[in-house]
Protein chains: 2
Amino acid sequence: MAFGDSPATNSHHKASSIESFDRLAQIYRTAAAIIVQKGFDATSMNEIASALDLTKAGLYHYIRGKEDLLFSIMQFAMDIVDEKVLTPARKIQDPEERLRFTLARHAGMTKYVKEITILAEEVAALSDEHRDLILERKRHYFEFVRATLVELNEQGKLRDLDPTIAALNIFGMVLGIARWYRPDGKLGPEKVAEQTSRLLLGGLLKSTE
Amino acid sequence: MAFGDSPATNSHHKASSIESFDRLAQIYRTAAAIIVQKGFDATSMNEIASALDLTKAGLYHYIRGKEDLLFSIMQFAMDIVDEKVLTPARKIQDPEERLRFTLARHAGMTKYVKEITILAEEVAALSDEHRDLILERKRHYFEFVRATLVELNEQGKLRDLDPTIAALNIFGMVLGIARWYRPDGKLGPEKVAEQTSRLLLGGLLKSTE
């Protein structure tokens, strides 16, 4: 997984090898699941450590503290978004094609759904410096989606919709997946992604497949 | 405001007069705003009391405790949904008309957006008994929306969408409004409601206005 997309992360946690990256990813995933379920404030480092079969000291080998862990999870989630969605989507010239790709990819990130939820729900718990950094990265992504809708509007392909409200609503629905999606449920990730982007594309575009 | 829709609430907080109902509504709104911003666990009764210019004792005159306050906010939000959306919508025979009404009304509840967010985000903080009661009321509303989509599908009016996933995504987008809507912002509540239901209807229905 290329962290090159995110200088902030490179300077933050150093994935010196595949193993340590995988270990960090596992720590973030486990912590994210607990934080999403209980809320950040109600989650203790002890719970996270024991969920990972680590001692508290063992956990501190990987992370500096609870706020640092939260920030790292958000950076990790934004890195995934950059790598899986934003970077490839930016290469797509046609705005309709770009929108279809972006929605399908974003709605398809159910594997990282918990990490992404935390991006939406726990920003208030960050330090001011970390909050500014995360909000800047989120704004970046939002503006990319909004700009694509503006382009579609200029091409006469967007329904009679305000691009800002539409972009906000897109994120609302896609981030909402984390609230109801169950990895062990009978709705598979491909079906969720396909159905969610179909619903959004049908609502956004004048002519739909 | 008719609490008749909700026996659970009648037995829970007793709005003996308009004033005390308004006072309760004000307490719930103020507490909800703080809880949405800080999270339930990070919110103290002292903060809520001082935000209401009440002493802690004064606040306890209206509510029994922090969990009781959270439960009351959720009951209040469900009462509003019952009164403004569910009860009138049930009277509408035609499923397309019923869907349009339900989406417009629900997306138009920006005044209660904080209370409704709490329904989505803080259920884990409830006692088991209270959680079961709230989840039952939410399930009730979800099933109503889902059943309307199933009816539309039987009439051939729904796009090629899974009614369950579509209903989950509808709630995702509508509940998401609370995350970005700013009462003091330049996007008015009517516009937000109109734009959100237009996006959803366009995505759900084969033939759209």
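Reading the values: rules and limits
Residues numbered from 1 in each chain as written. Chains lettered and ligands numbered in written order. Predicted model: local features only at pLDDT ≥ 70, side-chain atom pairs only at ≥ 80, totals over all residues. Heavy atoms only, no water. Helix = DSSP H or I, 4+ residues; strand = E, 2+ residues; numbered from the N terminus. Buried < 20%, exposed > 50% of the residue type's maximum accessible area, 1.4 Å probe, protein only. Contact = heavy atoms within 4.5 Å. Salt bridge = Lys/Arg side-chain N within 4 Å of Asp/Glu carboxyl O. Least-squares fit on C-alpha atoms with pLDDT ≥ 70 in both. pLDDT = per-residue confidence, 0-100. Buried area = accessible area lost by both parts, 1.4 Å probe. Nonpolar A, V, L, I, M, F, W, Y, C, P; charged D, E, K, R; others polar. Axes fitted to C-alpha atoms, helices over the stretch in contact; angles between N-to-C directions. Parallel < 35°, antiparallel > 145°, perpendicular 65-115°, else oblique.

A look at the overall build of chain A
- When helices and strands are tallied, chain A shows ten helices and zero strands.
- Across chain A, helices and strands are ordered from the amino to the carboxyl terminus as α-α-α-α-α-α-α-α-α-α.
- Here chain A holds 209 residues, and 53% of them are scored as buried.
- Contacts spanning at least 24 positions in sequence make up 69% of the contacts within chain A whose residues lie at least 6 apart.

Focus: the pattern of salt bridges
- Inspection of every chain in the model, using the stated rule, returns 30 salt bridges over all chains.
- The residue R198(A) makes a salt bridge to D160(B) at a minimum N-O spacing of 2.9 Å. Of this pair, R198(A) sits in helix α10 (residues 189–204) while D160(B) sits in the loop between α8 (128–154) and α9 (163–180), each in a different chain.
- Given a relative accessible area of 22%, R198(A) falls into the partly exposed group.
- Accessibility expressed as a relative area gives 58% for D160(B), which makes it exposed.
- When the shortest N-O distance is used, the salt bridge between R146(B) and E143(B) registers 3.9 Å. Of this pair, R146(B) and E143(B) both sit in helix α8, three residues apart, roughly one helical turn.
- We classify R146(B) as partly exposed; its relative accessible area is 25%.

Details of the relation of the copies chain B and chain A
- Rotating chain B by 180° and moving it 0.0 Å along the rotation axis overlays it on chain A with an RMSD of 0.0 Å. The symmetry that links the two subunits is that of a two-fold axis.
- Taken as a fraction of all interface residues of chain B, those also at the interface in chain A reach 100%, which identifies the copy contact as same-surface.

Concerning the confidence of the model for chain A
All names here are of chain A.
- For chain A, per-residue confidence averages 87 on the pLDDT scale, and residues scoring 70 or more make up 89% of the total.
- Counting interchain partners and residues more than four positions distant, the pLDDT-below-50 stretch residues 1–15 has 34 contacts.
- Two summary scores accompany this predicted model of the complex, namely pTM at 0.83 and ipTM at 0.82.

Details of the interface of chain B and chain A
- At the interface, 33 residues of chain B touch 33 residues of chain A.
- Summed over both partners, the interface of chain B with chain A buries about 2900 Å², with 61% contributed by carbon and sulfur atoms.
- In this assembly, chain B and chain A are joined by four salt bridges.
- When grouped by side-chain class, the residues that make up the side of chain B that touches chain A number 15 nonpolar, nine polar and nine charged.

What to know about the packing of helix α5 (residues 66–90) of chain A against helix α6 (residues 95–107) of chain A
Residue and element names in this part refer to chain A.
- It is the contact of α5 with α6, at a shortest axis distance of 9 Å, that shows an interaxial angle of 170°. With respect to α6, the axis of α5 lies roughly antiparallel. Contacts between α5 and α6 pair K84, V85, P88 and A89 from the former with R98, F101, T102, R105 and H106 from the latter.

Regarding unusual backbone geometry
- Of note in this structure, D53(A) is not a glycine but carries a positive phi near 55°.
- With a relative accessible area of 73%, D53(A) lands in the exposed category.

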